Amino acid sequence: MREANRGRIVDAVKKHGGLTQVELAGVTGLSAASVSNIVKELSGTGVLHTSPTTQSGRRAQYVTLAHALGLVVGVHFSTRHMRVALADVAQKVVAEHHVPLAKDHRADYELDKTALLVVDMLESVSASMKEVLAVGIALPAPLNSKHGTTSRSGILRGWDGVPVADVMRRRMNSPVFVDNAANLSALAELRLGAARGRRDAVFIDVGDGIGAGLILNGQVFRGHNGSAGEFGHTTIRENGPLCRCGNRGCLEAIAGGPAILEHLRPTHGALKLGDVVSRAMAGDPGCAREIADAGRHIGVAAANLCNLFDPERLIIGGELAKAGELLLGPIRHATERSVIVGDDALPDIVQGQLGVRAATLGAVSFAIDQIAVSTDTIGNNTSDTDAIGPDAIGTVTIVA
């Protein structure tokens, strides 16, 4: 029973990144005395770390996983950017790097570059590859969970047919896990941001593409083949413009970043999506109108999603979400017009709290989720830092 209680405490700390002892008692259902004794024991063996804090004006002990257990890597590839974060198993980011990517970049080149960048980041914090327990990768494409490849050609050019996890595993000699970027953004918002404490929510990622991460009953829902949440490829206009997926009239082809830029080209010339947001917020009527139009289209599609899943909250993220109410207002208005529930049951529609880092932080959490921390033997090997890593017996187990 005591071992089971230790496991409950470690799992709760791992899931939430850190909790006070009072919060641990509430989450696990254990008594305050039991939590205090187990935390003291696991701190002594190097599993947990405690630090003083204040809560509601009172002193408290904040509990996290011990930093010495190892490191994880979170990587987010978007269509034009890559962000890499190096974090400990308590979800504390210790190094982060962001680089632009060429249009239609190739998987082999970018994965090579990522592996080299991770090595440099490890050196910057006086760590080595042996300390990397797992790597999480977020990709802006539907994924086939069985084969580990993108499930539809043309969505992410240069990555078709590439088993990303296998390729990256060979480069880094560490376990690698890959998921859709919207799914991992939803996971990050669930753990750290605007979906925290919600059981049913939807994260909508609006940028160059449009995707959704579905949170059902407190878990990210990926579907039978791993490709749930392709919100941007919802057909909203039959015989509409051709989409990169090969279909016509997809939401993304009408309200995604490239469509917005193309609509503005005759009057504004060549712009980037960030320029559109900046100009709209500075009062440019053309840019503001394009964002509002995109919001209305997204809101119509979001209403269909709400009628299907009845979420408590819609969270809007991605580069276009930086426009705030210029985007959220039209989404909210269009959604509220079309959902079938009464006004008292409408979902909240809010801006994401994690910004452009959401998918990267989600990739970190995803990697940590694959690590099962052993509560009985951790600490036996931590005096030898070379033993800390995916092969360290008694330290961690990678969940298959």
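Heads up: the structure comes first, above all this text.
Residues numbered from 1 in each chain as written. Predicted model: local features only at pLDDT ≥ 70, side-chain atom pairs only at ≥ 80, totals over all residues. Heavy atoms only, no water.

Looking now at the sheet that holds strand β1 (residues 19-20). Read from one edge to the other, the open sheet built from three strands follows the order β1-β3-β2, with strand pairing classed as antiparallel. Every interior strand has two partners, whereas the edge strands, β1 and β2 (48-55), have only one. Relative to strand β3 (residues 58-65), β2 is paired through eight bridges, and the arrangement is antiparallel. Looking at the pairing, H49 lines up with T64 of β3. (Pairing = 2+ DSSP bridges. Helix = DSSP H or I, 4+ residues; strand = E, 2+ residues; numbered from the N terminus.)

Attention now moves to the environment of M281. Within the secondary structure layout, M281 lies in helix α9 (residues 273-281). Overall, the relative accessible area of 53% leaves M281 in the exposed class. M281 sits 129 residues away from R152 along the chain, and the two C-alpha atoms are 35 Å apart. Those residues in contact with M281 that lie beyond four places of it in its chain are K322, A323 and L326. (Buried < 20%, exposed > 50% of the residue type's maximum accessible area, 1.4 Å probe, protein only. Contact = heavy atoms within 4.5 Å.)

Counting 38 residues, the largest nonpolar core has F77 and I137 as the members making the most contacts within it. Those elements that provide at least two residues to this core are β4 (71-77), β5 (81-88), β6 (93-100), α4 (107-124), β7 (132-139) and α5 (164-172). Broken down by element, this core gets its largest block of residues, seven residues, from α4. Leaving out residues up to four positions away in the same chain, I137 has contacts with V75, F77, V164, M168, V176, F177, V178, D179, L184 and A363. (Core = buried A, V, L, I, M, F, W, Y, C linked by side-chain atoms within 4.5 Å.)

On to helix α11 (residues 325-338). Every α-helical turn comprises 3.6 residues, leaving residues that sit three or four positions apart pointing alike. Between its terminal C-alpha atoms α11 stretches 19 Å, which fits the 20 Å expected from 14 residues at 1.5 Å a residue. Tucked inside the fold, the buried residues of α11 contact α10 (285-309), β14 (313-317) and β15 (348-351). (Expected span 1.5 Å × (residues − 1).)

What follows is about the sheet that holds strand β13 (residues 219-221). Pairing in this open sheet of five strands is mixed, and the strands run β13-β12-β11-β14-β15 from one edge to the other. Looking at the sheet topology across the chains shown, the edges are occupied by β13 and β15. Between one strand axis and the next, the sheet turns by 25° as a mean value, whatever way the strands run. Of the strand pairs in this sheet, strand β12 (residues 210-216) and β13 are connected by three bridges, and their pairing is antiparallel. Paired with L216 across the bridge in β13 is Q219. Packed on one face of the sheet, α11 meets β14 and β15 and runs near 165° to β15. (Axes fitted to C-alpha atoms, helices over the stretch in contact; angles between N-to-C directions.)

Relative to the helices and strands, R6 is located in helix α1 (residues 2-16). Within polar-contact distance, the side chain of R6 engages the side chain of E41 at 3.0 Å. (Polar contact = N/O pair within 3.5 Å; in protein donor to acceptor, adjacent residues only side chain to side chain.)

Moving on, we get to the pairing of β6. Alignment of β5 against β6, held across seven bridges, turns out to be antiparallel. Bridge assignment links H81 to a residue of β6, and that residue is P100. Counted between consecutive antiparallel strands, the loop separating β5 from β6 contains four residues, among which Q91 sits at a positive phi close to 70°.

The full count for this structure, using the stated rule, is two aromatic pairs. A centroid spacing of 4.9 Å and a plane angle of 55° characterise the contact between F77 and W159, whose relative ring orientation is tilted. With F77 in strand β4 and W159 in the loop between β9 (149-150) and α5, this residue pair connects regions lying 82 residues apart in the sequence. A relative accessible area of 0% means that F77 is categorised as buried. Taken together, a centroid distance of 6.5 Å and an interplanar angle of 80° make the contact between F177 and F366 edge-to-face. Here the residue F177 occupies a position in strand β10 (residues 176-180), and F366 occupies one in helix α12 (residues 358-369), the gap between them amounting to 189 residues. (Phe/Tyr/Trp six-rings, centres within 6.5 Å; stacked < 30°, edge-to-face > 60°.)

With that out of the way, let us pick up the side chain of R191. Summarising the element assignment, R191 is placed in helix α6 (residues 181-192). Taking the relative accessible area as the measure of exposure, R191 reaches 11% and is therefore buried.

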